Amino acid sequence: MAEPTKTHPFFQSPFSRHAGGANRRRSTRVDLVLPIVLSGRDASGETFREETQTATVNLHGAKVETTRTVLVGMQVSIENPLTGALEKAVCVRVYESAPGESKHFIATQLVRPGNIWG
């Protein structure tokens, strides 16, 4: 396997960890559409609170749908209204939206890993 370059996804966030040559995860990803409330400040500094949903989850974070512009490194809060769990997270990746779509996905890493998903 080739070594990552500065444009490789590994370098998209200072919170990412490189586990060696293979794609090794710290916890298993689960495809789970779960209603959540995402809040924080967006890229323009505006405070927001958005009812949205996850696409995948694991003990270390989630891929979350959003209409807000959140940049890599920005802190957000994720609330699971079904369980009442609330945790701080950091955006570690931003996925481009499809042409004409206002929604896109961000990858988040929980500051304190755990199962807030229920």
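Details of the structure are given in the entry above.
Colleague: Any chance you could explain the environment of H104 here in plain terms?
Modeller: Along the chain, the position of H104 falls in strand β7 (residues 104–110). A C-alpha to C-alpha distance of 8.4 Å links H104 and R68, two positions 36 residues apart in sequence. Excluding residues that lie within four positions of it along the chain, H104 makes contacts with V64, E65, T66, T67, R68, V94, Y95, E96 and S97. In this structure the side chain of H104 is engaged in a polar contact, spanning 3.2 Å, whose partner is the backbone oxygen of R68.

Colleague: Looking at this structure, I do not really get the environment of N80. What am I missing?
Modeller: Along the chain, N80 turns up in strand β5 (residues 75–80). Sequence-wise, N80 and I36 are 44 residues apart; in three dimensions their C-alpha atoms are separated by 4.9 Å. Excluding residues within four positions of it along the chain, N80 makes contact with L34, P35, A85, I116, W117 and G118. Here the side chain of N80 touches L82 through a polar contact of 2.8 Å, landing on its backbone nitrogen.

Colleague: Would you mind going over the pairing of strand β2 (residues 35–41) with me for this structure?
Modeller: On any regular strand, side chains alternate: one points to one face of the sheet, the next to the other face. The pairing of β2 with strand β3 (residues 47–58) spans 7 bridges and is antiparallel. For S39, the partnering residue across the bridge sits in β3 and is R49. The hairpin formed by β2 and β3 contains 5 residues between the paired strands, and G45 there has a positive phi angle of roughly 90°. The pairing of β2 with β5 spans 4 bridges and is classified as antiparallel. Paired with V37 across the bridge in β5 is E79.

Colleague: Help me out: how do you make sense of the nonpolar core in this one?
Modeller: Where a protein is soluble and globular, its nonpolar side chains tend to be buried together. Formed by 16 residues in total, the largest nonpolar core has its most connected members in L38, I78 and W117. Excluding anything up to four places from it in sequence, W117 contacts L32, L34, I36, T54, V57, N58, G61, A62, I78, N80 and L110.

Calculation notes
Residues numbered from 1 in each chain as written. Predicted model: local features only at pLDDT ≥ 70, side-chain atom pairs only at ≥ 80, totals over all residues. Heavy atoms only, no water. Helix = DSSP H or I, 4+ residues; strand = E, 2+ residues; numbered from the N terminus. Contact = heavy atoms within 4.5 Å. Polar contact = N/O pair within 3.5 Å; in protein donor to acceptor, adjacent residues only side chain to side chain. Pairing = 2+ DSSP bridges. Core = buried A, V, L, I, M, F, W, Y, C linked by side-chain atoms within 4.5 Å. Buried < 20%, exposed > 50% of the residue type's maximum accessible area, 1.4 Å probe, protein only.

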